[in-house]
Amino acid sequence: MMRLQKYLAACGVASRRSAENMIAAGRVAVNGQTVTEMGTSVEEYVDEVTVDGNVVTLEERKVYILLSKPKGYVTTAQDTHGRPTVLDLVDVPERVFPVGRLDLNTEGLLILTNDGEFANHMMHPKYECEKTYFARLAEPLGDAEADKLRHGVWIEEEQFTTSPATVVRRDANKFSITIREGKKRQVRRMFEAVGGKVLYLRRTAIGKLRDTDLEKGKWRYLTDEEVRYLLEYSGTGRD
Ligand code: URA
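Residues numbered from 1 in each chain as written. Predicted model: local features only at pLDDT ≥ 70, side-chain atom pairs only at ≥ 80, totals over all residues. Heavy atoms only, no water.

Student: Looking at this structure, how should I read the overall build of the chain?
Tutor: Looking only at helices and strands, the chain has 6 helices and 16 strands in total. What you see for the chain is a C-alpha radius of gyration of 23 Å, clearly larger than the 18 Å of a compact globule of 239 residues, by over 25%. Viewed in the frame of its principal axes, the chain has a C-alpha envelope of about 75 × 35 × 35 Å. Sorting the 239 residues of the chain into buried and exposed places 45% on the buried side. Once local pairs closer than 6 in sequence are excluded, the contacts in the chain between residues at least 24 apart make up 62%. For the chain, the accessible area works out to roughly 13,200 Å², and carbon and sulfur atoms hold 46% of it. Averaging the positions of the 36 positive and the 37 negative side-chain charges in the chain gives two centres separated by 4 Å. (Helix = DSSP H or I, 4+ residues; strand = E, 2+ residues; numbered from the N terminus. Rg over C-alpha atoms; globule rule 2.2 N^0.38 Å. Buried < 20%, exposed > 50% of the residue type's maximum accessible area, 1.4 Å probe, protein only. Contact = heavy atoms within 4.5 Å. Areas by Shrake-Rupley, 256 points an atom, 1.4 Å probe, with all protein chains shown as cover. Lys, Arg positive; Asp, Glu negative; His and termini not counted. Charge placed at Lys NZ, Arg CZ, Asp CG, Glu CD.)

Student: What's the story with the sheet that holds strand E3 (residues 33-34) in this structure? I'm lost.
Tutor: One key point about sheets: their strands pair by backbone hydrogen bonds, in either a parallel or an antiparallel sense. Read from one edge of the open sheet, 4 strands run E3-E2-E5-E6, paired in antiparallel fashion. Since the sheet does not close on itself, it has two edges, and those belong to E3 and strand E6 (54-56), each with one partner. Taken together, the 3 bridges between strand E5 (residues 49-51) and E6 define a ladder with antiparallel strand orientation. Residue Thr-50 lies in a different strand from E6, and its bridge partner there is Val-55. (Pairing = 2+ DSSP bridges.)

Student: Could you clarify how one ought to interpret the pattern of salt bridges in this entry?
Tutor: In this structure the tally under the stated criterion is 13 salt bridges. For Arg-189, the salt bridge goes to Glu-158, with nearest N and O atoms at 3.2 Å. On the criterion of sequence distance, the pair formed by Arg-189 in helix H5 (residues 186-193) and Glu-158 in the loop between strand E11 (154-155) and strand E12 (160-161) is long-range, its members being 31 residues apart. Judged by relative accessible area, which is 27%, Glu-158 ranks as partly exposed. In this structure, the salt-bridge partner of Asp-171 is Lys-174, at a minimum N-O distance of 3.9 Å. By relative accessible area, which is 38% here, Asp-171 ends up partly exposed. (Salt bridge = Lys/Arg side-chain N within 4 Å of Asp/Glu carboxyl O.)

Student: How should I be thinking about the domain arrangement of the chain in this particular structure?
Tutor: Quite often, the size of an interface is put as the accessible area lost when its parts meet. Domain boundaries assigned for the chain yield domain 1 (2-56), domain 2 (64-125 + 211-233) and domain 3 (130-206). For domain 1 versus domain 2, the separation of C-alpha centres amounts to 35 Å. (Domains from an automatic or database assignment.)

Student: I keep staring at the nonpolar core and nothing clicks. Help me out?
Tutor: Nonpolar side chains tend toward joint burial in soluble globular proteins. Judged by nonpolar contacts, the single largest core of 31 residues is most densely connected at Leu-149, Ile-177, Met-190 and Phe-191. Elements with a minimum of two residues in this core: strand E7 (64-69), strand E9 (107-113), strand E10 (131-137), helix H4 (143-151), strand E14 (174-179), H5 and strand E15 (198-206). Each of two domains, domain 2 (64-125 + 211-233) and domain 3 (130-206), supplies a minimum of three residues to this core. Those residues in contact with Met-190 that sit more than four places away from it in its chain are Leu-149, Val-153, Ile-155, Thr-162, Ala-165, Ile-177 and Ile-179. Core analysis: the next-biggest nonpolar cluster, separate from the first, contains 17 residues, Ala-14, Ala-19, Val-28 and Val-49 among them. (Core = buried A, V, L, I, M, F, W, Y, C linked by side-chain atoms within 4.5 Å.)

Student: Would you explain the site of the ligand in this entry?
Tutor: Surrounding the ligand, one finds Leu-102, Asp-103, Thr-106, Tyr-133, Arg-185, Gln-186, Val-187, Arg-188 and Leu-201. One of the side-chain nitrogen or oxygen atoms of Thr-106 is found 2.9 Å away from an oxygen atom of the ligand. Here Arg-185 contributes a backbone N or O atom positioned 3.2 Å from an oxygen atom of the ligand. Residues that form the shell around the ligand fall into these classes: 4 nonpolar, 2 polar and 3 charged. Here the shell around the ligand spans two domains, and each of domain 2 (64-125 + 211-233) and domain 3 (130-206) adds at least three residues to it. (Near = heavy atom within 4 Å. Polar contact = N/O pair within 3.5 Å; in protein donor to acceptor, adjacent residues only side chain to side chain. Nonpolar A, V, L, I, M, F, W, Y, C, P; charged D, E, K, R; others polar.)

Student: Just to check I follow, could you spell out the side chain of Arg-203 for this structure?
Tutor: Within the secondary structure layout, Arg-203 lies in strand E15. Nearest to the buried, unbridged Arg-203 among oppositely charged side chains is Asp-103, at 9.7 Å. Excluding residues within four positions of it along the chain, Arg-203 makes contact with Val-99, Arg-101, Leu-102, Glu-107, Gly-108, Leu-109, Leu-110, Lys-131, Thr-132 and Tyr-133.

Student: Can you walk me through the packing of aromatic side chains in this structure?
Tutor: The description of two aromatic rings rests on the distance between their centres and on the angle between their planes. Within the structure shown, the criterion is met by 5 aromatic pairs. Ring geometry for Tyr-64 versus Phe-118: centroids 5.4 Å apart, planes at 80°, classification edge-to-face. Taken together, the residues Tyr-64 in strand E7 and Phe-118 in helix H3 (residues 116-123) connect sequence positions 54 residues apart. Both residues of the pair, Tyr-64 and Phe-118, count as buried. Ring geometry for Tyr-229 versus Tyr-233: centroids 5.4 Å apart, planes at 20°, classification stacked. Of the two residues, Tyr-229 and Tyr-233 are both situated in helix H6 (residues 224-233); the distance of 4 residues between them amounts to about one turn of the helix. Among the residues examined, Tyr-233 registers a relative accessible area of 25% and is labelled partly exposed. (Phe/Tyr/Trp six-rings, centres within 6.5 Å; stacked < 30°, edge-to-face > 60°.)

Below is the structure:
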């Protein structure tokens, strides 16, 4: 709950002093009722407050969170099968949502935010934001197959050819792979397209953003520097 004049100021309508004048002048209504008393409290995000008939809303603080997603969590806000979602792992007052998706059984870095424009930029293929994964396969994969991934492979289910990927061999059956799109199960399907089967998948970087210290299931706010980097990297605010 918040005092009405404080609420109006928080919404950026006016200073608290001018807000008091607006209230006294009968220009402010709460849930359709004109309010002229200063003591009135309103509940943020529940009560509808209008000034001269126009609804005013609280500008939510933009938050940017980095989560180390464990296996067994879905990245949708709600799961029809009642499985736990990544939102069960973060505890912030803002309504955040995941930027892009990771499969139920994929681990690793996931950004959550309430900044819709930023999320769109990060996910849209046009901005070519890179995601890097560590993949362990059931069997060794040959150099010729790894090379095919570097050039792009046809994904039957999505009817599209992947753009060139950076593929670094870590072991006979272990690879780092960097992609610039984010189609459903893309990395798993890319390896399938060249005869491989991914047994373990973890996202290790988003652009240059990495964090090997963040424990599985834990989250933290991104630093101002990281946020600045990601906004710039994704071209947020440029168009
Ligand atoms: N590619 C996949 O196959 N799965 C993920 O979760 C992310 C990328």
